[in-house]
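# Survey of secondary and tertiary structure
These are the residues of each chain, in order.
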Amino acid sequence: MEERTDIREVLFPNAVLLPEVTRMVDEGHSVTIRLRGYSMRPFLENDRDKALLRKAENIKVGDPVLAEIAKGKYVLHRIVKIDGDDVTLLGDGNLRTEACKTDDIRAAVVGFYRKGRKTPDLVSSRKWKTYSFVWMRLRPVRRYLLAFYRRIWIPLFGTI
């Protein structure tokens, strides 16, 4: 059997790509997408990291998910509250929440490929759970930590 080493990456606008991704996830496939945007900073970076997505089942507070918050507008954020059918989302690098319905959750994140690594950091791992536990509780001071990261850390050291 021949191993393929000619993998190409193709960029598509989210409006084109993400409906196709959700279709594939609904069919039972796992899909890996390159992250676009800065809403999950400081640990996930625009155009550097990737997310491994699968069909969302039994979502709970703390889970990172791909959600369609308006027609054709998708976000990859963490669930911070579930109240019946209403879901509140917050990107790790955001200060304001966004909302959707449980039916608008298009996929669950299984893991993240960070910094060019070949194996994902699974969201079920102790490392991710510890990070999530700490970061979720830093919400009152997150504004200052993110400002420090953007204004001081990145210019001096680059992205984490």
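A short tour of the structure in this document, coming up. In this text, all values refer to a predicted model and were calculated from it rather than measured experimentally. (Residues numbered from 1 in each chain as written. Predicted model: local features only at pLDDT ≥ 70, side-chain atom pairs only at ≥ 80, totals over all residues. Heavy atoms only, no water.)

Here the focus is the overall build of the protein. Looking only at helices and strands, the protein features 3 helices and 8 strands. Each helix and strand of the protein, ordered N terminal to C terminal, gives the series α-β-β-β-β-β-β-β-β-α-α. Against the compact-globule benchmark of 15 Å for 160 residues, the protein has a radius of gyration of 16 Å, which places it among compact chains. Overall size of the protein, expressed as C-alpha extent along the three principal axes, is 50 × 45 × 30 Å. A total of 160 residues make up the protein; the buried ones form 36% of that total. For the protein, the proportion of contacts with a sequence separation of at least 24, taken over those separated by at least 6, is 50%. Approximately 10300 Å² of the protein is accessible, and the part contributed by carbon and sulfur atoms is 54%. In the protein, 31 side chains carry a positive charge and 21 a negative one; their mean positions are 8 Å apart. (Helix = DSSP H or I, 4+ residues; strand = E, 2+ residues; numbered from the N terminus. Rg over C-alpha atoms; globule rule 2.2 N^0.38 Å. Buried < 20%, exposed > 50% of the residue type's maximum accessible area, 1.4 Å probe, protein only. Contact = heavy atoms within 4.5 Å. Areas by Shrake-Rupley, 256 points an atom, 1.4 Å probe, with all protein chains shown as cover. Lys, Arg positive; Asp, Glu negative; His and termini not counted. Charge placed at Lys NZ, Arg CZ, Asp CG, Glu CD.)

Moving on: the pairing of strand β4 (residues 73–83). Of the strand pairs in this sheet, strand β3 (residues 64–70) and β4 are connected by 6 bridges, and their pairing is antiparallel. The residue of β4 that forms the bridge with A70 is K73. Here β4 hands over to strand β5 (residues 86–90) after 2 residues, with G84 in that stretch at a positive phi of 65 degrees. (Pairing = 2+ DSSP bridges.)

By the element assignment, Y144 lies in helix α3 (residues 142–157). Look at Y144 and you get exposed, because its relative accessible area is 58%.

What follows concerns the side chain of E68. For E68, the position within the fold is in strand β3. There is a polar contact of 2.8 Å between the side chain of E68 and the backbone nitrogen of G72. Aside from chain neighbours lying at most four places away, what touches E68 is K73, Y74, C100, D104 and R106. (Polar contact = N/O pair within 3.5 Å; in protein donor to acceptor, adjacent residues only side chain to side chain.)

Take a nonpolar patch on the surface next. Taken together, F148, I152, W153, L156 and F157 make up a surface patch of nonpolar side chains, about 530 Å² in accessible area. Here I152 lies in helix α3. (Patch = residues over 30% accessible without salt bridge, like charges linked within 9 Å, V, L, I, M, F, W, Y side chains within 5 Å. Salt bridge = Lys/Arg side-chain N within 4 Å of Asp/Glu carboxyl O.)

This part takes up helix α1 (residues 14–26). End to end, α1 covers 17 Å across 13 residues, agreeing with the expected 18 Å (1.5 Å per residue, within 8%). On its buried face, α1 is in contact with β1 (31–34), β2 (50–54), β3, β4 and β7 (105–113). Taken from the residues just after α1, G28 is the one with a positive phi, measuring 100 degrees. (Expected span 1.5 Å × (residues − 1).)

Before going further, it helps to examine the nonpolar core. One finds V21, I33, A51, L53, L76, V109 and F112 to be the most contacted residues of the largest nonpolar core, which totals 21 residues. Secondary structure elements with two or more residues in this core: α1, β1, β2, β4, β7 and α2 (126–137). Beyond its immediate chain neighbours, meaning those up to four positions away, A51 contacts V31, T32, I33, L35, L76, V109, G111 and F112. With 8 residues, the next largest nonpolar core counts V65, V75, L89 and C100 among its residues. (Core = buried A, V, L, I, M, F, W, Y, C linked by side-chain atoms within 4.5 Å.)

What follows deals with unusual backbone geometry. A cis amide bond links R41 with the next residue in sequence, P42, at an omega value of 15 degrees. Within the secondary structure layout, P42 lies in the loop between β1 and β2. Backbone geometry at D47 places phi at a positive 65 degrees, although glycine is not the residue there. Topologically, D47 is positioned in the loop between β1 and β2. Positive phi, normally seen in glycine, also occurs at N58, with a value near 55 degrees. The residue N58 is located in the loop between β2 and β3 in this model.

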